[in-house]
Amino acid sequence: MLDDDLLLVVLVTALITAFTRALPFLFFSNRRQPKYLRVIERDFPPMIMLLLVLYCLRDVAWDIAPFGLTELLCIFIVAGLHIWKNNALLSIFVGTILYMYLIRSEVLINILI
Amino acid sequence: MEGEQEVLCIEDEHKSSMLQAFRKTIPVMFGYIPLGIAFGLLVTHYGFHWGYSVLMSLLIFSGAGQFLAVALTVAGAGMIEIVLSMLFLNLRHSFFGLSLINRFARTGKIKPYLIFGMTDETYALITGTHVSENAPAPMIYGYITGLNHLYWVTGSLLGALIGQFMDIDLSGLEFALTALFVVLSIEQYRTARTKFPFIAALIAGGLAMIFAESRNMLLISIIIGSLLLMSYEGGRKDA
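So, how was this worked out
Residues numbered from 1 in each chain as written. Chains lettered and ligands numbered in written order. Predicted model: local features only at pLDDT ≥ 70, side-chain atom pairs only at ≥ 80, totals over all residues. Heavy atoms only, no water. Helix = DSSP H or I, 4+ residues; strand = E, 2+ residues; numbered from the N terminus. Rg over C-alpha atoms; globule rule 2.2 N^0.38 Å. Buried < 20%, exposed > 50% of the residue type's maximum accessible area, 1.4 Å probe, protein only. Contact = heavy atoms within 4.5 Å. Areas by Shrake-Rupley, 256 points an atom, 1.4 Å probe, with all protein chains shown as cover. Lys, Arg positive; Asp, Glu negative; His and termini not counted. Charge placed at Lys NZ, Arg CZ, Asp CG, Glu CD. Core = buried A, V, L, I, M, F, W, Y, C linked by side-chain atoms within 4.5 Å. Axes fitted to C-alpha atoms, helices over the stretch in contact; angles between N-to-C directions. Parallel < 35°, antiparallel > 145°, perpendicular 65-115°, else oblique. Left-handed = near helix turned anticlockwise from the far one by under 90°.

Visitor: Now, about the overall build of chain A: what can you tell me, with residues and values included?
Guide: Scanning chain A for helices and strands turns up 5 helices and 0 strands. Counting helices and strands in the order they occur from the N terminus, chain A gives α-α-α-α-α. Computed over C-alpha atoms, the radius of gyration of chain A comes to 21 Å, more than 25% over the 13 Å expected from 2.2 N^0.38 for 113 residues, which places it beyond the range of a compact globule. On the principal axes, the C-alpha backbone points of chain A span a range of 60 × 50 × 30 Å. Out of the 113 residues belonging to chain A, those deemed buried represent 47%. Contacts in chain A between residues far apart in sequence, at least 24 positions, make up 41% of those at least 6 positions apart. Looking at chain A as shown, the accessible area adds up to about 6,300 Å², and 66% of this sits on carbon and sulfur atoms. One way to put it: in chain A the 9 positive side-chain charges average out to a point 21 Å from where the 9 negative ones average out.

What follows is the structure, given as structure tokens:
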């Protein structure tokens, strides 16, 4: 029974998702582009990139040990490694493996408490 | 002879684009496959047919949107609530598109697919990495989008079919996506002509983190950040 409900929801969700993605292209394709579009083109990608980093931290429990230190430490290491070695895959792998280790161990909690 | 050479040349372009796109999307693969598995598990956990997991990942291709769609259906939410939630959740993609209008202007036949497949991660890769000269940009965009889509569908299929029998703990692997955004932010910082977008992001992200619900955080922060960018640019021109 629930399956039929879901099918309708799937179709509605697919349409809305595609619509929100297509909206700016529908709106601007046949018009003269306003000047602020150049600012958006230049400044949106860097702003959104950093916002995506912050968005990844949205569900961190800052008030429970280890107080988000796992995430912050790993981000710090990814950033440091990338600035130093400039190898994207290396920075990402080292950071991710460290993160997978830290969330399974009590190392940080033991250091803190 | 000439025709043959042309065919070879096109094949080379495809090969080189695909290799470049694959290298760029490796971190996304490590994020999307475990997330897709989690999504597939969720779908079958609630008793839906496994095919829904794949169907949704094929047709919707939005992680947050798909998780929310399943949750709302299970909760018995009304259609109006579903439509509004989805609009609000996905509105951030409209902002993504605003900065891609000229970049996508000459992408030809694949443009509708590029627009359809514009996830957070695909946007980050397309705007954040430089395309080398031996392959055309639209083709690389196409492969990046297609590969990400493939990883996402593959994960969903694995999760729905064999997720419950798998005994490997993949938790934490999704940090690859956070790390990817960190790396791409640094790349953006190196090439940015003005550093104000980063200040705007810190202010807007900080405010949204404190005051917005976590589900709406990205949209709210993008709106605040855009206002900051616009007023900064407006102020600079007047001065």
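Here the narrative resumes, following the displayed structure.
Visitor: Describe the environment of G68(A), and please don't skip the residues or the numbers.
Guide: All names here are of chain A. Within the secondary structure, G68 sits in the loop between α2 (36-56) and α3 (69-85). When its relative accessible area of 5% is taken as the criterion, G68 is described as buried. With 22 residues separating them along the chain, G68 and P46 place their C-alpha atoms 24 Å apart. Look past the residues within four positions of G68 in its chain and what remains in contact with it is V60, A61 and W62.

Visitor: Go over unusual backbone geometry, please, and point to the residues and values.
Guide: Residue and element names in this part refer to chain A. Cis peptide bonds are those with omega within 30 degrees of zero, and the linkage from A65 to P66 qualifies with 5°. Mapped onto the secondary structure, P66 falls in the loop between α2 and α3. Despite not being glycine, N86 shows a phi value in the positive range, around 60°. Inspection of the secondary structure puts N86 in the loop between α3 and α4 (88-104).

Visitor: Hey, could you go over the nonpolar core for me, with residue numbers and the actual values?
Guide: Membership of the largest hydrophobic core comes to 92 residues, with the highest contact counts inside it found for F44(A) and F104(B). In terms of residue count, the dominant contributor to this core is α2(A) (12 residues). Residues in contact with F44(A), not counting those within four places in the same chain, are V39(A), F95(B), S99(B), Y123(B), S226(B) and L229(B).

Visitor: So what's going on with the packing of helix α7 (residues 120-128) of chain B against helix α8 (residues 137-162) of chain B? Residues and values would help.
Guide: Residues and elements named next belong to chain B. Look at α7 against α8: their axes get within 10 Å of each other, and the N-to-C directions meet at 155°. Judged by the inter-axis angle, α7 sits roughly antiparallel to α8. As α7 packs across α8, the resulting crossing turns out to be right-handed. Contacts from E121, T122, L125 and I126 of α7 reach α8 at Y141, I144, T145 and N148.

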